[in-house]
Amino acid sequence: MRFEYVPLPPPQDINGIPVYLQNELQRIARFIGGLSEVHESGMYLSSAGAGATMALTTTPTTITAFDTVNSYEEGLIADTTAGTFTFLSTSRFKLNFSASISDQGGGSAEHHIGVYLNNTLIQPTHSITFTGSAYTQMSFMIQNTAQAGDVITLRMSTSSGTDTATFASIDVDVEGKPIDI
């Protein structure tokens, strides 16, 4: 989408020029402000190593192992209890995910993490296989667009029947640039 500033026609009366210039400068300032606006938020597990656990099945379940919302939240609403990010305006966004995860029971089943927009998988799932009870690092980044009111969740499942994932750390950051559609 291309943003463009087009000035209004100048007044015919020379006495109206000071007001015209003031109004145009205000329009330019709003235009530039809209171009530089960035929406961002994030959630993470602040008590590193606390071992937040999550029961897993073959059905993807929303990750809620977060306990803190980043202090720089703007233009997005993050909810640690629900594990959601809600967009306040239409945005082109980038999501960064990183975690240290294990199966403290020593399992070795393949696990999957997917990014969902309004309950629809928008990115192929990212797979991770735990090695015994050691923590495994996982990170990925995706880019997409969202409308005002859209909700992002991250969901995790296991390829085995049931399992438990333990998070030593987890951090999700979403940064969006408002777009005019």
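Description of the structure in this document. The model shown is predicted, which means the values in this text are computed figures rather than measured ones. (Residues numbered from 1 in each chain as written. Predicted model: local features only at pLDDT ≥ 70, side-chain atom pairs only at ≥ 80, totals over all residues. Heavy atoms only, no water.)

## A closer look at the side chain of Asp163
Link 1 in the chain: By the secondary structure assignment, Asp163 is in strand 13 (residues 162–178).
Link 2 in the chain: Buried charge without a partner: Asp163 forms no salt bridge, and the closest opposite charge is Arg155, 19 Å away.
Link 3 in the chain: At a separation of 2.9 Å, a polar atom in the side chain of Asp163 contacts the side chain of His111.
Link 4 in the chain: With residues near it in sequence (within four places) discarded, Asp163 still touches Met54, Ala55, Leu56, Asp103, Ala109, His111 and Thr158. (Helix = DSSP H or I, 4+ residues; strand = E, 2+ residues; numbered from the N terminus. Buried < 20%, exposed > 50% of the residue type's maximum accessible area, 1.4 Å probe, protein only. Lys, Arg positive; Asp, Glu negative; His and termini not counted. Salt bridge = Lys/Arg side-chain N within 4 Å of Asp/Glu carboxyl O. Polar contact = N/O pair within 3.5 Å; in protein donor to acceptor, adjacent residues only side chain to side chain. Contact = heavy atoms within 4.5 Å.)

## A short note on a nonpolar patch on the surface
Link 1 in the chain: A cluster of nonpolar side chains, Ile14, Ile17 and Leu21, forms an exposed patch at the surface whose accessible area comes to about 290 Å².
Link 2 in the chain: Note on placement: Ile17 falls in helix 1 (residues 17–36).
Link 3 in the chain: A relative accessible area of 35% means that Ile17 is categorised as partly exposed. (Patch = residues over 30% accessible without salt bridge, like charges linked within 9 Å, V, L, I, M, F, W, Y side chains within 5 Å. Areas by Shrake-Rupley, 256 points an atom, 1.4 Å probe, with all protein chains shown as cover.)

## Section: the environment of Glu40
Link 1 in the chain: Structurally, Glu40 is set in strand 1 (residues 39–44).
Link 2 in the chain: Considered as a pair, Glu40 and Leu76 are 36 residues apart in the sequence and their alpha carbons are 6.2 Å apart.
Link 3 in the chain: Apart from residues lying up to four places away in sequence, Glu40 is in contact with Tyr72, Glu73, Glu74, Leu76, Val174 and Glu175.

## Describing the packing of aromatic side chains
Link 1 in the chain: The final tally for this structure, using the stated rule, is 2 aromatic pairs.
Link 2 in the chain: On the basis of an interplanar angle of 40° and a centroid distance of 5.2 Å, the ring pair of Phe87 and Phe93 is categorised as tilted. The burial state of Phe87 is the same as that of Phe93; both residues are buried.
Link 3 in the chain: Relative to Phe140, the ring of Phe97 lies with its centre 4.8 Å away and its plane at 20°, an arrangement referred to as stacked. Of the two residues, Phe97 is situated in strand 7 (residues 91–102) and Phe140 in strand 11 (residues 136–146); the sequence distance between them amounts to 43 residues.
Link 4 in the chain: Accessibility expressed as a relative area gives 2% for Phe97, which makes it buried.
Link 5 in the chain: The residue whose ring lies beneath Arg155 is Tyr116, and the NZ or CZ to ring-centre distance is 4.4 Å. (Phe/Tyr/Trp six-rings, centres within 6.5 Å; stacked < 30°, edge-to-face > 60°. Lys NZ or Arg CZ within 6 Å of the ring centre and 35° of its normal.)

## Points about the pairing of strand 5 (residues 76–79)
Link 1 in the chain: The side-chain alternation of strand 5 yields one buried face, formed by Leu76 and Ala78, and one unburied face, formed by Ile77 and Asp79.
Link 2 in the chain: Between strand 5 and strand 6 (residues 84–87), which pair antiparallel in sequence order, lie 4 residues; one of them, Gly83, sits at a positive phi of approximately 70°. (Pairing = 2+ DSSP bridges.)

## Observations concerning the pairing of strand 13
Link 1 in the chain: Relative to strand 13, strand 1 runs antiparallel, the two being bridged by 6 bridges. Paired with His39 across the two strands is Gly176, which belongs to strand 13.
Link 2 in the chain: Examined bridge by bridge, strand 2 (residues 52–57) and strand 13 share 6 bridges and lie antiparallel to one another. From the neighbouring strand, Ala55 faces strand 13, where its bridge partner is Thr164.

## Topic: the nonpolar core
Link 1 in the chain: By size, the foremost hydrophobic cluster in this structure holds 33 residues, and its most contacted members are Ile63, Leu95, Phe97, Met156 and Phe167.
Link 2 in the chain: Only strand 2, strand 5, strand 6, strand 7, strand 8 (110–117), strand 11, strand 12 (151–158) and strand 13 provide two or more residues apiece to this core. (Core = buried A, V, L, I, M, F, W, Y, C linked by side-chain atoms within 4.5 Å.)

## Observations concerning the environment of Tyr5
Link 1 in the chain: Take Tyr5: it is sitting in the segment before helix 1.
Link 2 in the chain: Overall, the relative accessible area of 26% leaves Tyr5 in the partly exposed class.
Link 3 in the chain: Along the sequence, Tyr5 and Glu24 sit 19 residues apart, while their C-alpha atoms lie 9.9 Å from each other.

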